[in-house]
Amino acid sequence: MKRVIEPELMAEREQVEAYGNADFEEPHSNFINLLEEYCPQIADTQTVLDLGSGAGDILLRFAQAYPHASIDAVDGSSAMLEFAESLLDGYPGVRNRITLIYSLLWDFRSTKNYNLIMSNSLLHHLHDPSHFWDKIEELSGPGTRIFIMDLLRPASVEGARELVRMYVSQEPEILRRDFYNSLLAAFTIDEVREQIAETGLGNLETKQISDRHFIVFGTCR
Ligand SMILES: C[S@@+](CC[C@H](N)C(=O)[O-])C[C@H]1O[C@@H](n2cnc3c(N)ncnc32)[C@H](O)[C@@H]1O
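Residues numbered from 1 in each chain as written. Predicted model: local features only at pLDDT ≥ 70, side-chain atom pairs only at ≥ 80, totals over all residues. Heavy atoms only, no water.

A. Representation of the environment of Asp 134 in the model. Tracing the backbone shows Asp 134 in helix H6 (residues 130-139). C-alpha separation for the pair Asp 134 and Gly 200, spaced 66 residues apart in sequence, amounts to 9.1 Å. (Helix = DSSP H or I, 4+ residues; strand = E, 2+ residues; numbered from the N terminus.)

Here you go:
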């Protein structure tokens, strides 16, 4: 099945509410567990960048799991950042370690030396995936750890419908729509490997970890 792009930003209020209130316990706790498993060296990590940080659930889980980390969280949707802000305000112990940054991916600049660059479910939103890899390359230095998780495109529309039935049938219609659109917009493992091969990022590994997710992990250069 060919890729069908979806809108990049998640800017509709209703969409943001549905996403922010959805039950992502399984994939998001998996993100943290896999990060620990595949990037075990980051225990004392100080400076972290989260690209496409969205409604803040992963940010919160990460900040709780890594008490030494300060995190820059970038998203181009003000509605998403507002949702994240109100979530994180309920956790004063982590709030002061997270900086929410309103920026499109390609406009974000930093001179910080990030120990870890992470991202969950941003790549499939991008019409041109090279923006994602170029930005990671620009912001990483020798030794920067990379950890990315994203959706995999199923082989067919029927396959995408089946995943919607399996995983979000209890969620509001707008979330079911977004998940379906995201599955069609996602990349295959081979496409992701080709994208990485065109960068100078070096030894990043790619692995399918469920029926609908892959991870990319490793150390830059
Ligand atoms: C599916 S959400 C993932 C949010 C979060 N990482 C999570 O796992 O819950 C994708 C996020 O990427 C943001 N996004 C998409 N395209 C972007 C771009 N070009 N620049 C900045 N943010 C973007 C969207 O606004 C949205 O908040």
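Once the structure has been displayed, the description carries forward.
B. Representation of the site of the ligand within the structure. Lining the immediate environment of the ligand, one finds 22 residues, of which Glu 8, Gly 52, Asp 75, Leu 105 and Asn 120 sit closest. One nitrogen or oxygen atom from the side chain of Asp 75 is found 2.6 Å from an oxygen atom belonging to the ligand. Taking Leu 105, its main chain carries an N or O atom lying 2.8 Å from a nitrogen atom of the ligand. When isolated, the ligand has an accessible area of 590 Å², and the protein chains bury 98% of it. Here the shell around the ligand is built from residues that sort into ten nonpolar, ten polar and two charged. (Near = heavy atom within 4 Å. Polar contact = N/O pair within 3.5 Å; in protein donor to acceptor, adjacent residues only side chain to side chain. Areas by Shrake-Rupley, 256 points an atom, 1.4 Å probe, with all protein chains shown as cover. Nonpolar A, V, L, I, M, F, W, Y, C, P; charged D, E, K, R; others polar.)

C. Here's a closer look at the packing of helix H1 (residues 13-21) against helix H8 (residues 173-185). Look at H1 against H8: their axes get within 9 Å of each other, and the N-to-C directions meet at 85°. Judged by the angle between their axes, H1 and H8 are roughly perpendicular. Residues Glu 14, Gln 15, Ala 18 and Tyr 19 of H1 form the contact with H8, whose own contacting residues are Ile 174, Leu 175, Arg 177 and Asp 178. Across the contact of H1 with H8, the residue classes tally to four nonpolar, one polar and three charged. (Axes fitted to C-alpha atoms, helices over the stretch in contact; angles between N-to-C directions. Parallel < 35°, antiparallel > 145°, perpendicular 65-115°, else oblique. Contact = heavy atoms within 4.5 Å.)

D. Looking closely at the pattern of salt bridges. Applying the stated criterion across every chain, the model contains 13 salt bridges. Between Arg 153 and Glu 191 there is a salt bridge, with its nearest N and O atoms 2.9 Å apart. With a gap of 38 residues between them, Arg 153 in the loop between strand E5 (145-151) and helix H7 (157-167) and Glu 191 in helix H9 (residues 189-197) connect regions that are remote in the sequence. Close ionic contact of Asp 211 with Arg 212 constitutes a salt bridge, the shortest N to O distance being 3.0 Å. A relative accessible area of 36% places Asp 211 in the partly exposed class. The buried category is assigned to Arg 212, whose relative accessible area is 5%. Through salt bridges with shared partners, a single ionic network connects Glu 12, Arg 177 and Asp 178. (Salt bridge = Lys/Arg side-chain N within 4 Å of Asp/Glu carboxyl O. Buried < 20%, exposed > 50% of the residue type's maximum accessible area, 1.4 Å probe, protein only.)

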